Amino acid sequence: NLIEISKESAAGAFFDNNPNWREDGDESDDEDDYDGPTQCGMAQGCLDMIACNLPQKHVFNTTMTKCVQRMQSQNPPTRKAGIASLGVVAEGCQEKLSDNLREIMPFVFQCAGDGDAQVRECACFTLGQLAEHCQPEILDYAEQILPAVFKLLDDTTVSVQVTSCYVLEMFCEHLEPHQILPFLDPLTRKLVAMLEVATRKCVKEMSVAALAATAVAAEKEFIPYLPGVANFMGQLMALQKEEDYPLKGRAMECMGHMAVAVEKEAFRPYFQHTMQHTCEALTLDSVELHEYAYAVFANLSKVMEREFSPVLPDLVPHLWKLIGDKDGGNRTKEELQQIQDLIINRGQQGKGGQLSGLDDSDEEGDAQNFQPDASAFVTTAMLEAKKAAITALGEMANHCGQDFMPYIEKSAESLKEASTYWHPTIKAEVCRGYPALVVCSVAAHHPDGKVPWEKGNVNHNPMSAHTAGLANAVLLELIPNMQNPEQEVVAVVCEALGSVIELCGPAALVPVANDILQGILMLLENKAPCQEAYDEEDDEDDEDEHENFMNAVMDLLGSVARVMGAQLGQFLPNFLPAIQNYAKASRPTNDRSMAIGCLGELAQGCEQAIMPSWSSVFLPIIHQGLADEEFAVKRNAAFTLGVCAEALKEQISTQYPALLQALSPLFTIDPNQSDSAAACKDNAAAAIARMSVTCPAAMPFAQVLPIFLQALPLKSDWSENETVYGCLVKLVQNGQPDVLGPLKGEVTRVVGAAMQEAKVDDEIKENLKSVFGV
């Protein structure tokens, strides 16, 4: 009701986070200069806190009922309140919203075409929130959302235009090239046209952000538009007025994103020009611009790889100093000008620069104007700049190969120093950066940048002495952080540990295996410091959607299984009870899906070592998962069934009839319902393929193959292409009579479709061609 009776835009929080926009986008004649909390803002903030902090079952149904009622009202302010409230609760209710998009989206689209500008603006805001928080399910509505937003870009209301660009930024960055391609040309032209005629900074900034997201989605399809857009970004990167710094930063960011999209060859003509403007930004009195610059360096090092290396001697020491500074990394203007000159020098000459030749023409007044801002905003900006600098350092180590080797030791010291920083975001970014140092060592000391390890082979150490020492040092830095009180940090630590052990193999894992396994077990049992708030929770049904970081914990256990292999089998009884707990029907969808997927990864890694737990743990959970209501759970159950069949071979062949019966309903799913539905059916087909190849004697091919072939080609989970098409090849090579006889026409159809599918790798196509002669 407070949102409804307020005259202000309920999407105003979008502008409140950007003070310059608030003035820039204000179209009212209200002379009231009040700048404090508003009635509408406080109401929205309260609703957001409720949605994010209370169990969804207590929030979602009541909120949705009231939102839908209001969105159907004849009164515009009432419709505004309904659609705005839906956007506000999107973060806190993201899983429930994702599950109910089919019922909700018609009302959102209706509001997007509303005759009232405030309703349209709030509909844009809500679309952006759904695009940000309801991935990947929201992508199923791309063909409806993009035309709707495209139309809203022409809206005469500035706030609607800006919020439409926000939707595009949030939505497009998750799209695949084939999804955006039908809209790419008109969308790019529209956004560039908006840039050319816009007089409001907010419209320009969000147009640039939307262009960057469009390029990311389009990938190499964006190459034809690169010259024109890069030229425009060059003009914006050259802006010098302080009021234009946010737009200048957005343009730099856009160049970095376009580089990632179009890749090295296409971007090379724009590399030096982008570097020049990005380095120049480091000399300006704007911490926010510095953050943009570090992000650009990260992207450009990722794209240009060793072509980025000439700037390392001057840029890396600058990053070390910023990363190690406790106060946020303030620099004098002379220091920043020196860094700019040196980096540009090296980038243009391709060789080491000299400390001489610095531009000392700056007047004293310029230096006096370079004063750190003590506001909370700049404190936050400094934090983000430090984080971006750590990211940039990691990307340089990741992608500059052996050229980064001279900086490994000091970079490790710099990260260790930063790990004592007070903010968890910095601690997390440090942990994310550590594995990059190991990647660099592997690139320098191992052919093809790979350590040739064998699963479970602890008697052979294929690592170089440098890589072995560095990997051990990194793992020893990471492991204590499994006890960090912040879940954000723990999640990154688990990801980092997994990446290091999978890169370096059993020889790296063995010395620290006990500590890692103990840390995983504590997390699975909710006994780690970051889970203290959950220690006294006895009623599982009151636990809301479980912490996202638990996905990282189970992924780490899967990594350990892939490295240790059957040797992990002796420890499985310690972990399986906790995983079973997450798989219970009373747990949230994400927990059930996550737990069953973890069992599949354990089966892939441990193989026959899971047999002692097959009947008591794996089999009942697979049956339960296949009968689940949610596609995500069914999908992972089908995957786990297939990999268990691969792992256990003839040992479970007598159970094939019951397993096939449990799997059969998945083949009745309409893959056009959603991407989740399609992926579910794809994994059912992959399970059939694995069972057919592993134990063909147990397969009733006459009944199974027609259903299997009807499910092909795959529609969503392209990672299973090799599994299903490899199965067809194997069946033909083994002379399977149904494939060679009555089903030959269906097989020919499937193979023909696979040959035309861009998502099928060339190697698979060559294999199909050699067998089927297509």
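Residues numbered from 1 in each chain as written. Predicted model: local features only at pLDDT ≥ 70, side-chain atom pairs only at ≥ 80, totals over all residues. Heavy atoms only, no water.

1. Some words on the overall build of the protein chain
Okay, so step 1: Looking only at helices and strands, the protein chain has 38 helices and zero strands in total.
Okay, so step 2: Taking all 774 residues of the protein chain together, 55% fall into the buried category.
Okay, so step 3: For the protein chain, the proportion of contacts with a sequence separation of at least 24, taken over those separated by at least 6, is 75%.
Okay, so step 4: When the accessible surface of the protein chain is totalled, it reaches about 32,900 Å², and 49% of it is carbon and sulfur. (Helix = DSSP H or I, 4+ residues; strand = E, 2+ residues; numbered from the N terminus. Buried < 20%, exposed > 50% of the residue type's maximum accessible area, 1.4 Å probe, protein only. Contact = heavy atoms within 4.5 Å. Areas by Shrake-Rupley, 256 points an atom, 1.4 Å probe, with all protein chains shown as cover.)

2. Details of helix α11 (residues 158-172)
Okay, so step 1: Between its terminal C-alpha atoms α11 stretches 21 Å, which fits the 21 Å expected from 15 residues at 1.5 Å a residue.
Okay, so step 2: In terms of burial, α11 is largely enclosed, as 15 of its 15 residues are buried. (Expected span 1.5 Å × (residues − 1).)

3. Considerations on the state of the cysteines
Okay, so step 1: Evaluated as defined, the whole model comprises zero disulfides.
Okay, so step 2: We note that C111 lacks a disulfide partner, and the nearest cysteine sulfur, in C122, lies 9.0 Å from it. (Disulfide = S-S within 2.5 Å.)

4. A short note on a negative patch on the surface
Okay, so step 1: Negative charge collects at one region of the surface, where E722, D761, D762, E763 and E766 lie side by side.
Okay, so step 2: If you tally residues by element for the negative patch, the top one is helix α38 (residues 762-772), at three residues.
Okay, so step 3: As for its placement among the helices and strands, D762 is situated in helix α38.
Okay, so step 4: Using a relative accessible area of 60% as the deciding quantity, one classes D762 as exposed. (Patch = residues over 30% accessible without salt bridge, like charges linked within 9 Å, V, L, I, M, F, W, Y side chains within 5 Å. Salt bridge = Lys/Arg side-chain N within 4 Å of Asp/Glu carboxyl O. Lys, Arg positive; Asp, Glu negative; His and termini not counted. Charge placed at Lys NZ, Arg CZ, Asp CG, Glu CD.)

5. Some details on the pattern of salt bridges
Okay, so step 1: Counted under the stated rule, the structure contains 25 salt bridges.
Okay, so step 2: For the salt bridge of E477 with K416, the shortest nitrogen-to-oxygen distance reads 3.4 Å. With E477 in helix α23 (residues 465-478) and K416 in helix α21 (residues 408-418), this residue pair connects regions lying 61 residues apart in the sequence.
Okay, so step 3: Across the pair E525 and K527 runs a salt bridge, and its minimum N-O distance is 3.4 Å.
Okay, so step 4: According to the relative accessible area criterion, K527 is exposed, its value standing at 55%.
Okay, so step 5: Several salt bridges converge on common partners, so that one network encompasses E169, R250 and E253.

6. Focus on the environment of M550
Okay, so step 1: By secondary structure assignment, the location of M550 is in helix α27 (residues 549-564).
Okay, so step 2: Counting along the chain gives 41 residues from M550 to D591, while the straight-line C-alpha distance between them is 8.6 Å.
Okay, so step 3: The contacts of M550, once residues within four sequence positions are left out, are L523, L524, N526, Q531, Y582 and M594.

7. Describing the confidence of the model for the protein chain
The predicted coordinates of low-pLDDT regions are not to be read in fine detail.
Okay, so step 1: Put simply, the protein chain has an average pLDDT of 86, and 86% of its residues get 70 or more.
Okay, so step 2: With pLDDT under 50 throughout, residues 349-378 is counted as low confidence; its partners more than four residues away or in other chains account for 28 contacts. (pLDDT = per-residue confidence, 0-100.)

8. Some thoughts on the packing of aromatic side chains
Okay, so step 1: Counted by the stated rule, this structure contains seven aromatic pairs.
Okay, so step 2: One aromatic cluster in this structure is built from F271, F297 and F308. (Phe/Tyr/Trp six-rings, centres within 6.5 Å; stacked < 30°, edge-to-face > 60°.)

9. Re unusual backbone geometry
Okay, so step 1: Following Q135, the chain continues into P136 via a peptide bond in cis, with omega recorded as 0 degrees.
Okay, so step 2: By the element assignment, P136 lies in the loop between α9 (117-133) and α10 (142-152).
Okay, so step 3: For the bond running from L712 to P713, omega is 0 degrees, close enough to zero to count as cis.
Okay, so step 4: In the Ramachandran plot, E219 falls in the positive-phi region, its phi being about 55 degrees despite a non-glycine side chain.
Okay, so step 5: With respect to the helices, strands and loops of the structure, E219 is situated in the loop between α13 (201-218) and α14 (226-237).
Okay, so step 6: Even without glycine at this site, N526 takes up a positive phi of about 60 degrees.
Okay, so step 7: Mapped onto the elements of the fold, N526 is located in the loop between α26 (513-524) and α27.

10. Some words on α21
Okay, so step 1: Regarding α21, the residues found buried are I408, S411, S414, L415 and A418. Each buried residue of α21 lies within a common arc of 120 degrees when the element is viewed along its axis, so the set occupies one face. (Arc of directions from axis to C-beta.)

11. Here's the deal with the nonpolar core
Okay, so step 1: Residues M233, F297, F308, M396, F404, L524 and F708 are the most contacted members of the largest nonpolar core, which totals 265 residues.
Okay, so step 2: Broken down by element, this core gets its largest block of residues, 15 residues, from helix α15 (residues 245-281). (Core = buried A, V, L, I, M, F, W, Y, C linked by side-chain atoms within 4.5 Å.)

12. Side note on the packing of α15 against helix α16 (residues 287-304)
Okay, so step 1: Across the interface, α15 lies against α16 with an axial gap of 8 Å and an inter-helix angle of 5 degrees. The angle between the axes of α15 and α16 places the two elements in the roughly parallel class. (Axes fitted to C-alpha atoms, helices over the stretch in contact; angles between N-to-C directions. Parallel < 35°, antiparallel > 145°, perpendicular 65-115°, else oblique.)

13. Quick word on the environment of F171
Okay, so step 1: When you line up the elements, F171 lands in helix α11.
Okay, so step 2: On the accessibility criterion, F171 (0% relative accessible area) is buried.
Okay, so step 3: With 39 residues separating them in the primary sequence, F171 and E132 have C-alpha atoms 7.0 Å apart.
Okay, so step 4: For F171, the residues in contact, after removing those within four places along its chain, are A131, I138, L139, Y141, A142, I145 and L146.

14. Quick look at the side chain of R690
Okay, so step 1: Looking at where R690 falls in the secondary structure, it is placed in helix α33 (residues 675-694).
Okay, so step 2: Within the structure, the side chain of R690 is placed 3.3 Å from the side chain of E646, a separation counted as a polar contact.
Okay, so step 3: If we skip the residues at most four places from it in the chain, R690 touches F639, G642, V643, E646, E720 and T723. (Polar contact = N/O pair within 3.5 Å; in protein donor to acceptor, adjacent residues only side chain to side chain.)

15. A few points about the side chain of K681
Okay, so step 1: Within the secondary structure layout, K681 lies in helix α33.
Okay, so step 2: In this structure K681 is buried but unpaired, with D670 as the nearest side chain of opposite charge at 6.7 Å.
Okay, so step 3: At a separation of 3.2 Å, a polar atom in the side chain of K681 contacts the main-chain carbonyl oxygen of F667.

16. Observations concerning the packing of α14 against α15
Okay, so step 1: It is the contact of α14 with α15, at a shortest axis distance of 8 Å, that shows an interaxial angle of 160 degrees. Judged by the inter-axis angle, α14 sits roughly antiparallel to α15.
Okay, so step 2: Considered class by class, the residues forming the contact of α14 with α15 number 17 nonpolar, four polar and two charged. (Nonpolar A, V, L, I, M, F, W, Y, C, P; charged D, E, K, R; others polar.)

17. Quick look at the environment of R70
Okay, so step 1: Following the sequence through the fold, R70 ends up in helix α5 (residues 56-71).
Okay, so step 2: Taking the relative accessible area as the measure of exposure, R70 reaches 21% and is therefore partly exposed.
Okay, so step 3: In this structure, the C-alpha to C-alpha distance between R70 and S85, residues 15 residues apart in sequence, is 9.8 Å.

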